[in-house]
Amino acid sequence: MWVGAITLFPAMFEAVTAYGVTGRAVEQGVLEVDAFNPRDYAEGGYRRVDDRPYGGGPGMVMMIEPLRRALAQAKDKAATRGLTPPVIYLSPQGRRLTQADVAELAQWPAMILLCGRYEGIDERLLATEVDAEWSVGDYVLSGGELPAMVLMDAITRLLPGVLGSSESAEQDSFSDGWLDCPHYTRPPLCEGLAVPDILLSGDHQAIARWRHRQRLERTALRRPDLLQGRALTKEEQAWLLDLRQEGAEVQPQAHQGDA
Ligand code: 9D3
């Protein structure tokens, strides 16, 4: 996947391109990131990219022209590869990104990620240039770069060949959309805390069942919203009933077809 990043802070993207799973994807040529800095396309000795908002008020607004030229450069670069990427604007006004959205975006061969700073971008640039608008959550950040990197990281993990087979097998397991089970490694006893016996038993079927149940219980207790509207097997329903009888506050499962 080719990603063009429109950003006043291109160096921030080294966090993605130089480290870990995403860094390896860049080395493999599975991910390519080109940054385009509106500052490089700004005019005058001051290379201004922001200006005061019409109508008054605090903060500054990103100017249209430097952004338009940076976008045109990104599109030209993509075109040399036969690509016509959508322009995605990371913004608090966008739809909140989910794993399902990430999986759809991972199908594109290229995208241009537009990162705002200051109070935001002149609405006319957005109206004419932006194809989709995404938020990464309901909290206030200082700009679109970290959200763009969050999106790139989430997408890159889904690209063919990026994760090892053991890591990617996890993705199509039954538990997709549930919370993970607890994990343990050596030593078996640490400051009086033991690893659950079953994990040392060597009984792989029993271990799989225990993990399955842990996932369900943790999801029911911590993120009951993730279970709403999901069909559960008889055994899973029985586990939830046990949890409730142990005194936990677990919402009864809505059955498929219930409102
Ligand atoms: C304090 C400024 N706010 C006034 C009501 C508006 C505002 C402007 C710019 C809030 C945040 C930002 C910068 N944020 C992003 O560019 C951003 C973002 C975010 O802040 N939270 C979650 N997802 C995203 S995607 C882009």
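On a predicted model such as this, the values are computed, not experimentally measured, just so you know. (Residues numbered from 1 in each chain as written. Predicted model: local features only at pLDDT ≥ 70, side-chain atom pairs only at ≥ 80, totals over all residues. Heavy atoms only, no water.)

1. What about the overall build of the chain?
- For the chain, the count of helices and strands is nine helices and nine strands.
- What you see for the chain is a C-alpha radius of gyration of 23 Å, clearly larger than the 18 Å of a compact globule of 259 residues, by over 25%.
- Taken along the three principal axes of its C-alpha coordinates, the chain extends 70 × 40 × 40 Å.
- Put simply, the chain has 259 residues, and 38% of those count as buried.
- Of all intrachain contacts in the chain linking residues separated by at least 6 positions in sequence, the fraction that spans at least 24 positions is 74%.
- For the chain, the exposed area adds up to about 15,500 Å²; of that, 51% sits on carbon and sulfur atoms.
- Looking at charge distribution, the chain has the averaged site of its 26 positive side-chain charges lying 1 Å from that of its 37 negative ones. (Helix = DSSP H or I, 4+ residues; strand = E, 2+ residues; numbered from the N terminus. Rg over C-alpha atoms; globule rule 2.2 N^0.38 Å. Buried < 20%, exposed > 50% of the residue type's maximum accessible area, 1.4 Å probe, protein only. Contact = heavy atoms within 4.5 Å. Areas by Shrake-Rupley, 256 points an atom, 1.4 Å probe, with all protein chains shown as cover. Lys, Arg positive; Asp, Glu negative; His and termini not counted. Charge placed at Lys NZ, Arg CZ, Asp CG, Glu CD.)

2. As for the sheet that holds strand E1 (residues 2-6)
- The five strands are arranged E2-E1-E6-E5-E7 in an open sheet whose pairing can be described as parallel. Looking at strand neighbours, the two that pair on one side only are strand E2 (32-36) and strand E7 (132-135), the edges of this open sheet. Here the strands of the sheet are splayed against their neighbours by 35° on average, with no regard to which way each runs.
- Two strands pair when backbone bridges link them, and strand E5 (residues 87-96) and E7 are joined in this way by five bridges, in the parallel orientation. Bridging across to E7, tyrosine 89 finds its partner in glutamate 133.
- Packing against the sheet, helix H3 (residues 64-79) makes contact with E1, E2, E5 and strand E6 (110-115), and its axis sits at approximately 170° to E1. (Pairing = 2+ DSSP bridges. Axes fitted to C-alpha atoms, helices over the stretch in contact; angles between N-to-C directions.)

3. A few points about the nonpolar core
- With 28 residues, the main nonpolar core has Leu105, Met111, Leu113 and Ile155 as its most contacted residues.
- Secondary structure elements with two or more residues in this core: E1, E5, helix H4 (99-105), E6 and helix H6 (145-156).
- A total of six residues in this core trace back to one element, the largest contributor, which is H6.
- What isoleucine 155 contacts, discounting residues up to four positions off in sequence, is Met1, Val102, Leu105, Ala106 and Met111.
- Judged by nonpolar contacts, the second largest core, of 23 residues, contains Trp2, Leu67, Ala70 and Ala74. (Core = buried A, V, L, I, M, F, W, Y, C linked by side-chain atoms within 4.5 Å.)

4. Re the domain arrangement of the chain
- Examined at the domain level, the chain breaks down into domain 1 (2-156) and domain 2 (189-256).
- Each of domain 1 and domain 2 was reduced to a C-alpha centroid, and the two centroids are 40 Å apart. (Domains from an automatic or database assignment.)

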